[in-house]
Amino acid sequence: MEPARGGITVRTAGRHAPPSRLPHRERACSPPTAEFYCERFEFPVVRWRQSAVKTGNTCDVEEEEDEEKQQWRRPERRVKEDRQFWMQGSRPVVEVVRLGLVSYQEALRLQQVYVNRHRAGPAHALLLCEHPPVFTTGIRHKPYPAAMLDRLRLLGADVQRTNRGGLITFHGPGQLVCYPVLNLSDFKKSVRWYVCELEKTIISACRRFGIEASTSPHTGVWVGDNKICAIGIHCGRYVTSHGLALNCNTDMSWFGHIVPCGIEGKGVTSLSAELQRDVSVEETIPHLLDAFRDQFNCQLTDGQTPETDQDTAQHHQRRD
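Report follows, based on the coordinates. (Residues numbered from 1 in each chain as written. Predicted model: local features only at pLDDT ≥ 70, side-chain atom pairs only at ≥ 80, totals over all residues. Heavy atoms only, no water.)

Side chains bearing opposite charge may pair, as long as their charged atoms lie close to each other. By the definition in use, this model includes 7 salt bridges. Here Arg109 ties to Glu106 by a salt bridge, and the two come within 2.7 Å at their closest N and O atoms. You can see Arg109 and its partner Glu106 sitting in helix 2 (residues 104-117), 3 residues apart, about one turn around the helix. Judged by relative accessible area, which is 31%, Arg109 ranks as partly exposed. The shortest N-O distance in the salt bridge between Glu197 and Lys200 comes to 3.5 Å. Note that Glu197 and Lys200 are positioned in helix 4 (residues 191-208) at a spacing of 3 residues, about one turn of the helix. The exposure class of Glu197 is buried, given its relative accessible area of 6%. (Salt bridge = Lys/Arg side-chain N within 4 Å of Asp/Glu carboxyl O. Helix = DSSP H or I, 4+ residues; strand = E, 2+ residues; numbered from the N terminus. Buried < 20%, exposed > 50% of the residue type's maximum accessible area, 1.4 Å probe, protein only.)

Now the structure itself:
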């Protein structure tokens, strides 16, 4: 028995101790697994590399971590972090960052900034924005014909190829775009679960407006045969980027130039079209945040809006 930092007593099972002869709290685990028992809180804390997912008073183990990213930490540090986790509660904190109207390229850059923050520890963020008119394509399709993309550019919209899932779609003013940058290790290490939770979040937000939305065999959220919210994500080492786009009072004529998300025979709709009144992005944001907080069982905090490249350029112009 070894005293750990913070007055927590730690019992470490011996590597070669016979499991059948040890009590549950000291039962040996295969190396490099270690089982710690915290006397102060009276619960077992099991760690397997960095892939344990906390649920209640135990940890469910999923062996899905990239082998190249295995990192071992000192037992004392792990116990200290577990103690902090249980003192603070199990609800992750997510920073809400309002970007306003921002170019698609700049939104990609800012997402990467927040993705990189996860290297130093949990840094969950929810980036909210609108984009100037832009058509984006995903990775589920070979490159679209150059003539088609040129035709879209002549309409006055930008065209961007991305590393998200899905096919071609449109983003523009009047559409609430939400980019969650989360480490799923603090939620549930399942991409399928994550996409389903995003869909449930939008369904809940629509319900707050009195709109009955649902899922379908196709990804996204639908009102009848019309898609009201597109979802396309990227996930690397369980850190998410890209996200969802909810039509509020979007100019729907832009969608007429493409087959949205590559789904033939389906339409698109918006909150404004369904309610027959103007529903702005600003009116929608509080409902989306409430639904996200409830669905992901997290705490939301207001974050500072980072300086964009456009802000930096304007600052230099003023100085000149």
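A word on the sheet that holds strand 9 (residues 134-137). To summarise the sheet geometry, strands pair through backbone hydrogen bonds and adopt either a parallel or an antiparallel arrangement. What the 3 strands build is an open sheet, ordered 10-9-11; its pairing is mixed. Each edge of the open sheet carries a strand with a single partner, namely strand 10 (158-161) and strand 11 (169-171). Along the sheet, successive strands turn relative to each other by an average axial angle of 30 degrees, direction set aside. By the bridge criterion, 3 bridges tie strand 9 to strand 11 in an arrangement that is antiparallel. Note that in strand 11 the partner of Thr136 across the bridge is Thr169. (Pairing = 2+ DSSP bridges. Axes fitted to C-alpha atoms, helices over the stretch in contact; angles between N-to-C directions.)

The element strand 15 (residues 239-247) is extensively covered by neighbouring structure, given that 9 of its 9 residues are classed as buried. In this sheet, strand 15 lies alongside strand 12 (residues 175-181) in antiparallel orientation, the contact comprising 4 bridges. Within strand 15, the residue paired with Gln175 across the bridge is Asn247. Pairing between strand 14 (residues 226-236) and strand 15: 8 bridges, direction antiparallel. Across the sheet, the residue bridging to Ala230 is Ala245, located in strand 15. In sequence, strand 14 turns back onto strand 15 through a hairpin of 2 residues, with Arg237 there showing a positive phi of about 50 degrees.

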